[in-house]
Each structure stands twice: as C-alpha cells, then as structure tokens.
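What follows is the residue order along each chain.
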Amino acid sequence: MAYTSELKQLIKRVEETRPLRLEKKRQGTEFPRMSLVEKEERLRKFHPSYKENSLQELKVGPSKGYSVAPEFCEILESWSRIDPDRIDLSKITYETDVLIVGGGGAGTAAALLAHDNGVRVILATKLRHGDANTMMAEGGIQAVSKPGKDSPYYHYLDTIGGGHFKNIPLLVYTLVTQAPSVMQWLEGLGAMFDKKPDGNLKVFHLGGMSRKRDHVAADITGTEIMRTIRDEARNREGIRVLEFSPVVELVLNERGECAGAILYNLETEEYFLVKAKAVILATGGSGRLHIGGFPTTNHYGATGDGLALGYRCGIGVCFLHTSQYHPTGAIFPEQAEGLLVSEKFRGAGAHLLNIDGEQFVCETEPRDACASSIIRECIQMGKGVPNATGKAGVWLDSPMIDLLHGEGALTKEFVGKYKLFKRYGIDITKEPMLVYPTLHYQNGGLEFNERGETSIPGLYAAGEVTGGVHGENRLGGNSLMDVLVFGRIAGKNAALYAKEKVQDGRFTLDHVRKFHQELERAGVDRKRISPILLPDYSNPSVKRRQLTTEYQGTIR
Ligand code: MEZ
C-alpha cells in the first residue's frame, strides 16, 4: 500500500528541512550525542525494559530471585512437553559424538569446527537448516579488518560501553580478538563482502562505534554468511542434518553430564532419542515471545527454546533484564509491521525525523538510547507521525542516501529493502520510511564461559541463547560476530571433550522430575509448557501483541 494522501502531505515537511540538514551533514555537523546522565534518564523514562513493573521475579530454578520480563518467566518456569516416566530411554534412534541443537549461524559454525576436529556431528534444527535470525541479519558484522586507526582495543571499549560496562570482560575480549580471523575464515569459505574499488573491504559506522568497522554484503549480510557456512556444512559427509526436529528435553547421565537429547519429529509427531557425548545449545533468540507487547524482527521459530532447556537442567540465566528494541522497525504498511529496517540506513546518513521534519536524536547513539528517544518523541513530545492504522512513528529519511553518496547508492546498498518497499508502492529513494522500535535481540541468556562451556559437563552453548557478551545492550554488527566466534569455540571444545569421554553412563531425566517438583511446590499452572516451539497466533493474547495498537507509542 502506497502512502496515503495525509502522509504524503506530511512528507513535504521532511523535504522542506532536507536541504539544510544535508548541508550540515556535508559539513560534518551532527546532532549532538547525549551525555551519560541524559542517556540514563532517557532509558529510565522511556525504554520498555526500564519501565516500572516490566520485570517479574523468577520463583523456581537456578536463577530464583532474579527478575526478568514476564514472558521469560513463562517459558523458564514451565513444565516439560514430555512425561519423564513415559519416555523409554533404552531406545536410541541416533548416536553421535556431538549433537548441535539449532541450525542458524552459531549451530552451523559449531558443526564445521566440531567436524574439523574429527568427530561425528548431528545438527538438529526445528525448521529448515538456516531458518534463523542469522539468515535475516541485514546491516553487518563487526570486526577490525585492517590495521590503522582501529584495533580490537577500540572494539572492546565500544562493546562494553554499549553494554553499560556490565558485559563479562573475558567474553568481550574473546569476541573482539577473534573477530579478525573469523572474517578471514568466512572469506576463505567464499563469503562475499562489499569491497571498495581498491579491493579493501567497505566499512560502515553503526550506533556506539568509535570507528567504522561494520562489514556488509549489501543489506543481506546474514544471508550471505548463512549461505556460505550452510553450503559448507551440507557438503561435508560427517555432518548429518535433521530438519523439523526440535529438541524438547536434554538428557543427562547419573554423573550429571549431558548425554543427549529427546527430539520431536514435527512431521510424524514422534519423540526420539539422540545419544551424544557432548551437546551444544545454539537455539537462538526469543523475539517471538513479543516481550513488552512489541512486534519483532525475528524469525518464526525464535521462541527461546534453549533457555527453557538449559534452565531446566540447572544452568542459570543472566542479562535477561533488558531486551533489545531495534530503533527502526517498519510500521507502514501494516503488513510489514515490526520488520527490520537496517541500522545501516543511519550509518549511511539517513536522518530520524519527527512530524515536523526535525531531528531529535543523534542517529549513531547506541540502540537502547536511540529507541528510547523515538518512544519519547512519540509519547511525551507528541511529535510522532500518525499512520493510517492509528500508530505513531518517526520518519527515516532514506532519500538522503542518494543525495549524499550519488544516485544509485541506495538501490545498490539496500537492494533488499528497496525491492520490498517498491512492492508496496513506496520508492524509498524518493520517500522516507515510517519506523518505530521493534523487538530485535535477546541481550542475555544462559550463563556460559569463554570456552563455550556451561555449568553442566558436556553441555556447551553459543550465540543468542547465551548471556554476558553484550551486557545490557548489544551493538549492531556484534551479533553475527558473536554467533561465529562462540559457535566455532563451542564446536571445537565440544569435539575435544567428546574425544576424551570414555564412559557414557546411564541416561536419566531426573533433572526434569526435580524441576517438576519445584514447579508443583510453587503452584505453577500445568498448562504452562516449554519449549513452546512455535508462537501460537491463534491465541488471542499472542495475536494482540503482534497485530493491534496495544503497544507503547501508539496513538489511539
Ligand atoms: O547486528 C544487528 O542487529 C544489525 C546490524 C541489524 C541491522 O540494523 O541491520
């Protein structure tokens, strides 16, 4: 649906302020960054995770007493899909050295490294191999790719600054020091990143970066990475992929080590057991929980399954008290609601503007500060742009990109979004996009360490299911790097562990029984079951979150 005549009228205000804004941009005059004090106040007042009553205390499990979004409580404090007394643990359907749970970037990188280290690998994935947030990532991957003004030292400082200095230092150190070699690894496997005419990789600025170090493949960077590593994995004989086979419970042995998992065949609706010497949880994030009632950029299967699986066998969770709302999710047309509009647009110069065509925030603030400023502009300042469905948003002035970088720059750099909006009758080289924050990333997750280990021997974790790398707020481009750095580490270490393991032990689901007893004592409703596997949009409470105006920032 093309813009309505009312919105077209409002776009004129954007056009009126554009020449002056362009002039300032060319002179290098940017909208001023917030001071630390201003930023903290803005977060406190407007960020959905800081809102009063936005968190709820966990009553059960290893992180009892810690407060997280209620949507997380629902999946963490819940009953297993299986009755441990009715599962026959003597029937083994598959046996392997390393079982990887999840077929996105972290799982696939882990599969490759486990295989490189000489073990048999099964990668089990809920939907198809590659149906994951990695595939949908647009605007880039952060790494220091050439010597000069940048170094892993600055990457480290930017990352912990973005995370409010709460990140776990050793995890950040691991991320930034391994990032350069991961870029070489990807290029060696055939990933094609955008280059300048001199052959050097193109780099962009994203929020919170003191140096340009975001690398892209147009606006389909995740697809390019996933294409590369998935092809590699599918071409290796020792990696077996089980699609449409989510894990519903982990299996331990009597020594408390991870010994395999129970999977569910979504086609035949049967449970089956995979025996493994080591297991890697790489199940990704949880945007489909619609934390705070927000729409999401996430893929359909992002339901936080790994959090529930890990928690039930005793792994604590951390940094789940803040969620990441990407500042720019589409809000027009309605069918595109929540869809990611890459931060790379702002990195390439597009301004965020209110109804009067005025800037109100520096576009390169970290995401939490930027999202809070958009919410403030719509709610407190009353300067949101009302769209046809009664929701308010702000403009993202994409036509600036061709004006700054030359005609054709936008269609080349943002080919995915250009085509998508064109189908709706909107030419984003000429008309701005209407945007509002959208749930994007699970900042925290399962506790793990720089070797990819969890507190359960033989159980490893990597990627969005984990917590600590990004502290309380992730920087753009650090997620694609996270999944690859820690996926590779987990793959290698799980393989080494599997090779050393001599005694398998006896399978048990006692941890599930124990957890069920705790739930019983806490009076948790038996209808609460996890992993939920897929969002249930026929359920009115889930549907309401995604499809109606009942989220912060709407004008009724
Ligand atoms: O890392 C991300 O989440 C990212 C770069 C997203 C985007 O805006 O394109």
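See above for the structure.
Note that this is a predicted model, so its numbers are computed, not measured. (Residues numbered from 1 in each chain as written. Predicted model: local features only at pLDDT ≥ 70, side-chain atom pairs only at ≥ 80, totals over all residues. Heavy atoms only, no water.)

1. Section: the overall build of the protein
How we decide: Helix and strand assignments come from DSSP, with helices taken as H or I runs of at least 4 residues and strands as E runs of at least 2, each series counted from the N terminus. Radius of gyration here uses only the C-alpha atoms, and the compact-globule reference equals 2.2 Å multiplied by the residue count raised to the power 0.38. For the exposure calls, accessible area comes from a 1.4 Å probe over protein chains only, and a residue counts as buried if that area is under 20% of its type's maximum, exposed if over 50%, partly exposed in between. Contacts were defined at the residue level, with two residues in contact if any of their heavy atoms lie within 4.5 Å. Per-residue and other accessible areas follow the Shrake-Rupley method at a 1.4 Å probe size, with only the shown protein chains counted as cover for residues.
Within the protein, the secondary structure is distributed over 17 helices and 19 strands. Over its C-alpha atoms the protein spans a radius of gyration of 23 Å, differing by no more than 12% from the 24 Å that the globule rule assigns to 556 residues. Referenced to the eigenvectors of the C-alpha coordinate spread, the extents of the protein come out at roughly 70 × 55 × 45 Å. Split into buried and exposed, the 556 residues of the protein put 62% on the buried side. Looking at the protein alone, contacts between residues at least 24 apart form 76% of all its contacts between residues at least 6 apart. In the structure as shown, the protein presents an accessible area of about 21,400 Å², 50% of it carried by carbon and sulfur atoms.

2. Considerations on the site of the ligand
Counted only if it meets this: We call a residue near a molecule or strand when any one of its heavy atoms sits within 4 Å of it. Pairs of N or O atoms within 3.5 Å make up the polar contacts considered here, provided that, within protein, one atom can donate a hydrogen while the other can accept it, and that residues adjacent in sequence are counted only when both atoms are side-chain atoms. By the convention adopted, Pro, Cys, Tyr, Trp, Phe, Met, Ile, Leu, Val and Ala count as nonpolar, Lys, Arg, Asp and Glu as charged, and the other residues, Gly among them, as polar. Note that domain bounds follow an automatic or database assignment of domains.
Around the ligand, a shell composed of 13 residues is seen, among which Gly139, His326, Ser342, Glu343 and His440 lie nearest. In the model, an oxygen atom of the ligand is placed 2.7 Å from a nitrogen or oxygen of the glycine 139 main chain. With respect to the ligand, the side chain of histidine 440 contributes an N or O atom lying 2.7 Å from an oxygen atom. Surface burial for the ligand is 97%, taken as the share of its 270 Å² of free accessible area covered by protein chains. Residues of the shell around the ligand, tallied by class, amount to two nonpolar, seven polar and four charged. For the shell around the ligand, the two domains that each supply at least three residues are domain 1 (5-50 + 327-440) and domain 2 (79-323 + 442-505).

3. Notes on a nonpolar patch on the surface
Applicable threshold: By definition, no residue in a patch forms a salt bridge, and every one has over 30% relative accessible area; like charges are joined within 9 Å, nonpolar side chains (Val, Leu, Ile, Met, Phe, Trp, Tyr) within 5 Å. What makes a salt bridge here is a side-chain nitrogen of Lys or Arg within 4 Å of a carboxyl oxygen of Asp or Glu, nothing more.
A grouping of Ile168, Leu170 and Tyr173 is seen on the molecular surface, where their side chains present a nonpolar patch of about 280 Å² in accessible area. Positionally, isoleucine 168 belongs in the loop between α6 (152-162) and α7 (169-189).

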